[in-house]
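Each chain is listed here by its residues.
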Amino acid sequence: MEQDDFDELAGRIEGVSTVLLHLIADLEMREIMDGPRFTQGMRRAAEQLQFPQPHLEPTKRTLLEMASALDAARKNRQEAGNSGGNHIDH
């Protein structure tokens, strides 16, 4: 894979993950989704990945990083009294 191809793929994945994080945060703030339960499920799913394939370590790491980002954003919103909107730091 050429560097330009890699950069394109990485950028697209980052874009999709950013949209997903914002969507989940929005659903949580509207009280449509139980955020802590959702991130707990993400962590459980990451730990249950056991197939011997090379892409699973990055998959596991990504799930755990996204769960942590959602938890941190929730904590920031709670500390700010929900006045900070749905900003996600990751």
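Here, the structure is the one placed above.
All of these numbers come straight from a predicted model, not from anything done at the bench. (Residues numbered from 1 in each chain as written. Predicted model: local features only at pLDDT ≥ 70, side-chain atom pairs only at ≥ 80, totals over all residues. Heavy atoms only, no water.)

A. Structural context of the overall build of the protein. Secondary structure summary: the protein contains 3 helices and 0 strands in total. Counting helices and strands in the order they occur from the N terminus, the protein gives α-α-α. Its C-alpha atoms put the protein at 45 × 30 × 20 Å along the principal axes. Looking at the protein as a whole, 21% of its 90 residues qualify as buried. Across the protein, the fraction of contacts at a sequence separation of at least 24, relative to all contacts at a separation of at least 6, is 59%. Of the roughly 6,500 Å² of accessible surface on the protein, a fraction of 55% belongs to carbon and sulfur atoms. (Helix = DSSP H or I, 4+ residues; strand = E, 2+ residues; numbered from the N terminus. Buried < 20%, exposed > 50% of the residue type's maximum accessible area, 1.4 Å probe, protein only. Contact = heavy atoms within 4.5 Å. Areas by Shrake-Rupley, 256 points an atom, 1.4 Å probe, with all protein chains shown as cover.)

B. Summary view of helix 2 (residues 35-48). With 14 residues, helix 2 extends 20 Å from end C-alpha to end C-alpha; this agrees with the ideal 20 Å at 1.5 Å per step. Along helix 2, the residues classified as buried are Gly-35, Thr-39, Met-42 and Ala-46. The buried side chains of helix 2 occupy one side of the element, clustering within an arc of 50° when seen end-on. Facing away from the buried side of helix 2 by over 90 degrees, the exposed positions are Arg-37 and Gln-48. Packing partners of the buried residues in helix 2 comprise helix 1 (3-29) and helix 3 (56-79). Two or three places before Arg-37, at the start of helix 2, stands the capping residue Asp-34, its side-chain oxygen 3.2 Å from that residue's backbone nitrogen. (Expected span 1.5 Å × (residues − 1). Arc of directions from axis to C-beta. Polar contact = N/O pair within 3.5 Å; in protein donor to acceptor, adjacent residues only side chain to side chain.)

C. Focus on a negative patch on the surface. A surface patch of negative charge is lined by Glu-2, Asp-4, Asp-5 and Asp-7. In this fold, Asp-4 is placed in helix 1. (Patch = residues over 30% accessible without salt bridge, like charges linked within 9 Å, V, L, I, M, F, W, Y side chains within 5 Å. Salt bridge = Lys/Arg side-chain N within 4 Å of Asp/Glu carboxyl O. Lys, Arg positive; Asp, Glu negative; His and termini not counted. Charge placed at Lys NZ, Arg CZ, Asp CG, Glu CD.)

D. Focus on the nonpolar core. With 7 residues, the main nonpolar core is built from Leu-21, Ile-24, Met-42, Met-66, Ala-67, Ala-69 and Leu-70. Those elements that place two or more of their residues in this core are helix 1 and helix 3. (Core = buried A, V, L, I, M, F, W, Y, C linked by side-chain atoms within 4.5 Å.)

E. Broad picture of helix 1. End to end, helix 1 covers 39 Å across 27 residues, agreeing with the expected 39 Å (1.5 Å per residue, within 8%). Looking at helix 1, one finds that the buried residues are Ser-17, Leu-21, Ile-24, Ala-25 and Glu-28. Where helix 1 is buried, its residues touch helix 2 and helix 3. Looking one or two places after helix 1, you find Glu-31, whose phi comes out positive at around 60°.

F. View of the environment of Arg-61. Along the chain, Arg-61 falls in helix 3. A C-alpha to C-alpha distance of 9.7 Å links Arg-61 and Arg-43, two positions 18 residues apart in sequence.

Just distances and angles here, no functional claims.
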